[in-house]
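Each chain is listed here by its residues.
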Amino acid sequence: MTRQKKIFLEESEFPKQWYNLAPDLPTPLNPPLGPDGNPVGPEMLAPVFPMNLIEQEVSQERWIDIPDGIRDILIQWRPSPLIRAYELEEALGTPAKIYYKNEGVSPAGSHKPNTAVAQAWYNKQFGIKKLTTETGAGQWGSALSYACAQIGGIECKVFMVRVSFDQKPFRKMMMETWGGKCIASPSTETKAGRDILAQFPDTPGSLGIAISEAVEAAVSDPKGETRYSLGSVLNHVMLHQTVIGLEAKKQLAKVGIQNPDVVIGCCGGGSNFAGLSFPFIYDKINGANIQVIGAEPFSCPTLTKAPFIYDNGDVAQMTPLLAMNSLGHNFIPAPIHAGGLRYHGMAPLVSAALRDGLMDAIAVHQSECFEAGLLFAKTEGIIPAPETTHAIAATIREAKKAKEEGKEKTILFNFSGHGLMDLVGYNKYQAGELHDYEYPESEIAENLKKLEGYPLPK
């Protein structure tokens with residue numbers, strides 16, 4: 001009997017609404033705060049984001065309609081396939097069934113266009129002509145450049161963390177092919193960038209620095225035609241990504257699985273993890289027995305070591321204070337190859353899910369991750385992005401646990417992107433040139449000293 005490897009949905013089965021976790025959290029979200037410690041109103045965010053996205057950011061509606069203009073573009077690659085990892089299962093000798101949602105089939109090669117298309121569309125509807133953003137490994141900058149080209153009539157400027165700018169030149173080429181402009185951060189184009197370079201001329205950069213530059217470039221436009229676009233962390237970004245999990249639920253139902261036993265995603269800012277897991281966390285809140293795991297690097301242990309606090313999203317403190325797990329906005333990450341997982345904070349919604357016991361978090365060293373990536377490539381055939389290997393490593397751990405326990409489990413993870421632009425990292429790993437790094441708790445404590453006097457979340 002032929003076994004079914006891929007589970008597809010018809011285009012007509014693509015979700016018509018996004019799912020918003022916020023109204024279902026056991027404990028209400030803490031509001032974003034301004035420098036005075038008071039909640040930020042929509043008018044304070046208006047120079048940074050268009051009002052239609054601000055409305056989504058603060059929405060307490062459980063279901064939000066996806067406009068046809070956005071659906072028409074997402075249908076280029078969505079619904080994405082759900083794939084049974086038979087070959088990986090056999091290599092591990094596990095009784096577990098392993099499924100992965102392949103978000104690497106998007107034009108940019110990752111989950112990021114799910115929100116990039118939506119954000120570009122809403123900005124154009126609001127009359128915005130230019131978008132600025134930051135990017136770590138380059139996935140988000142590529143996705144937004146693609147989205148702006150698809151929507152048309154919007155310029156895209158990307159501040160890319162310097163270490164990734166140097167490690168991954170093809171990402172810059174992708175952005176430019178779609179019409180985006182890519183600049184290494186910190187740069188001399190902004191005051192935030194110049195200040196950092198004056199103090200740390202050899203800095204590898206960070207997402208916090210790149211965010212400061214992108215926000216400054218947006219709010220300093222004298223014509224008011226520029227807004228800022230963020231690829232993770234914020235509520236509306238998590239919202240747009242939930243098409244992943246909503247599709248996965250329909251696909252699992254086609255093979256008779258009501259709920260998986262374990263749901264796994266890698267965690268940086270939180271977007272791909274939230275996209276897959278939030279629709280299942282909704283089921284968990286309503287009584288389903290599902291373990292949800294977020295996997296992050298030891299070198300950036302936001303969920304596993306950082307406290308739940310109010311902190312800025314950027315180094316220059318231009319963003320509002322957000323209630324989130326944070327290593328401190330001055331955090332400068334080690335130059336690991338999982339560039340998309342090097343952010344100092346975690347999405348407020350993901351942080352709240354951890355606080356409320358709706359998920360678990362683990363940290364994984366990059367050597368274990370690359371080893372998992374190689375096994376996946378040799379069994380399933382697809383080379384995963386370094387970020388994605390964190391989810392694969394966590395999946396392998398759970399599959400081995402199922403073998404030890406002799407239990408048949410269904411494990412679902414998000415294959416957040418392919419690694420065809422990340423082969424330098426694989427080459428260095430196989431040459432023995434990559435080393436594990438655990439971010440010292442003493443440095444976390446030092447970073448957090450700068451937050452003394454900040455408000456505390458409830």
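Preceding block: the structure.
Throughout what follows, the structure given in this document is the object of discussion. The shown structure was predicted, so the numbers you read here are calculated from the model rather than taken from an experiment. (Residues numbered from 1 in each chain as written. Predicted model: local features only at pLDDT ≥ 70, side-chain atom pairs only at ≥ 80, totals over all residues. Heavy atoms only, no water.)

**Quick notes on the side chain of Asp283**
Mapped onto the secondary structure, Asp283 falls in helix H13 (residues 271-285). Judged by its relative accessible area of 16%, Asp283 is buried. (Helix = DSSP H or I, 4+ residues; strand = E, 2+ residues; numbered from the N terminus. Buried < 20%, exposed > 50% of the residue type's maximum accessible area, 1.4 Å probe, protein only.)

**A few points about helix H12 (residues 243-254)**
Taking 1.5 Å as the rise per residue, H12 with 12 residues should run 16 Å; its terminal C-alpha atoms sit 17 Å apart, in good agreement. Taken together, the buried positions of H12 are occupied by Val243, Ile244, Gly245, Leu246, Glu247, Ala248, Gln251 and Leu252. At the C-terminal side of H12, Gly256 shows a positive phi close to 80°. (Expected span 1.5 Å × (residues − 1).)

**Digging into the sheet that holds strand E8 (residues 181-185)**
Read from one edge to the other, the open sheet built from 4 strands follows the order E8-E7-E6-E9, with strand pairing classed as parallel. Since the sheet does not close on itself, it has two edges, and those belong to E8 and strand E9 (226-228), each with one partner. Between one strand axis and the next, the sheet turns through 25° on average, direction left out of account. Sheet topology places strand E7 (residues 155-161) next to E8; 5 bridges connect them, and they run parallel. Bridge pairing in E8 links Met160 to Ala184. Strands in contact with helix H8 (residues 169-177) are strand E6 (130-135), E7 and E8; relative to E7, the strand with the most contacts, it is inclined by about 170°. (Pairing = 2+ DSSP bridges. Axes fitted to C-alpha atoms, helices over the stretch in contact; angles between N-to-C directions. Contact = heavy atoms within 4.5 Å.)

**Let's talk about the layout of surface pockets**
The volume enclosed by the largest pocket comes to roughly 800 Å³. Considering the residues around the largest pocket, the lining is formed by 43 residues, among which Pro32, Leu45, Pro320, Leu321 and Leu322 are closest to the centre. Residues that form the lining of the largest pocket fall into these classes: 30 nonpolar, 12 polar and 1 charged. Estimates place the volume of the second largest pocket at around 250 Å³. Lining the second largest pocket are 16 residues, and of these Lys130, Thr132, Lys157, Ala217 and Thr226 sit closest to its centre. Elements supplying a minimum of two residues to the lining of the second largest pocket: E6, E7 and helix H10 (207-219). Ranked by the residues each element gives to the lining of the second largest pocket, the list is headed by E7, at 4 residues. Taken together, the residues of the lining of the second largest pocket sort by class into 4 nonpolar, 5 polar and 7 charged. (1 Å grid on protein atoms, 1.4 Å probe; cavity = no way out; pocket = protein on both sides within 12 Å on 5 of 7 lines; lining within 4 Å. Points joined across faces, edges and corners; volume = space filled by probe spheres on them. Nonpolar A, V, L, I, M, F, W, Y, C, P; charged D, E, K, R; others polar.)

**Regarding the sheet that holds strand E15 (residues 410-415)**
Ordered in space as E1-E4-E5-E15-E10-E11-E14, the 7 strands form an open sheet in which the pairing is mixed. Pairing within the sheet leaves two strands with one partner each, and these edge strands are strand E1 (6-7) and strand E14 (360-364). With 5 bridges connecting them, strand E11 (residues 291-297) and E14 associate as parallel partners. Looking across to E14, one finds that Ile293 is bridged to Asp360. Running over the sheet, H13 touches strand E10 (262-266), E11 and E15 and is turned about 155° from E10. Sitting on the sheet, helix H15 (residues 366-380) is in contact with strand E4 (82-84), strand E5 (97-102), E14 and E15, with an inclination near 95° to E14.

**Thoughts on the pairing of E6**
Summarising burial for E6: 5 of the 6 residues are buried, a large majority. In terms of strand pairing, E6 meets E7 through 6 bridges, oriented parallel. The partner of Lys130 across the bridge, within E7, is Glu155. Here E6 pairs with E9 via 3 bridges, running parallel. Across the sheet, the residue bridging to Lys130 is Thr226, located in E9.

**A short note on helix H6 (residues 139-151)**
Taking 1.5 Å per residue, 13 residues should reach 18 Å; H6 reaches 18 Å between its end C-alpha atoms and fits that length. Counting buried positions along H6 yields 11 of 13 residues, so the element is predominantly enclosed. Considered for burial, the residues of H6 that qualify are Gln139, Trp140, Gly141, Ser142, Ala143, Leu144, Ser145, Tyr146, Ala147, Cys148 and Ile151. Contacts from the buried residues of H6 go to helix H3 (68-74), helix H5 (113-125), E6, E7 and H8. Remark: Gly152 follows H6 within two positions and exhibits a positive phi of approximately 80°.

**Concerning the nonpolar core**
With 89 residues, the main nonpolar core has Trp18, Ile70, Tyr228, Phe278, Val350 and Leu412 as its most contacted residues. Per-element accounting of this core gives the leading share, 7 residues, to H6. Grouped together as the second largest cluster of nonpolar side chains are 27 residues, Ile83, Ala391, Ala394 and Ala399 included. (Core = buried A, V, L, I, M, F, W, Y, C linked by side-chain atoms within 4.5 Å.)

**Digging into the pattern of salt bridges**
Tallied over the full model, the rule gives 24 salt bridges. Here Asp283 makes a salt bridge to Lys249, at a shortest N to O gap of 2.9 Å. Placement of Asp283 in helix H13 and of Lys249 in helix H12 is noted, with a sequence separation of 34 residues between them. Note on Lys249: relative accessible area 23%, which makes it partly exposed. Taken together, the shared-partner salt bridges connect Arg3, Lys5, Glu87, Glu90 and Glu380 into one network. (Salt bridge = Lys/Arg side-chain N within 4 Å of Asp/Glu carboxyl O.)

**Some details on the environment of Met173**
With respect to the helices, strands and loops of the structure, Met173 is situated in helix H8. Sequence separation between Met173 and Glu380 is 207 residues, and the spatial gap between their C-alpha atoms is 28 Å.

**A few points about the packing of H15 against helix H16 (residues 386-405)**
Contact geometry for H15 and H16: axes closest at 8 Å, N-to-C directions at 85°. For the element pair H15 / H16, the angle class is roughly perpendicular. From H15, Glu368, Cys369, Phe370, Ala372, Gly373, Leu375 and Phe376 reach across to H16, where they touch Pro386, Thr389, His390, Ile392, Ala393, Ile396 and Arg397. Partitioning the contact of H15 with H16 into residue classes produces 9 nonpolar, 3 polar and 2 charged. (Parallel < 35°, antiparallel > 145°, perpendicular 65-115°, else oblique.)

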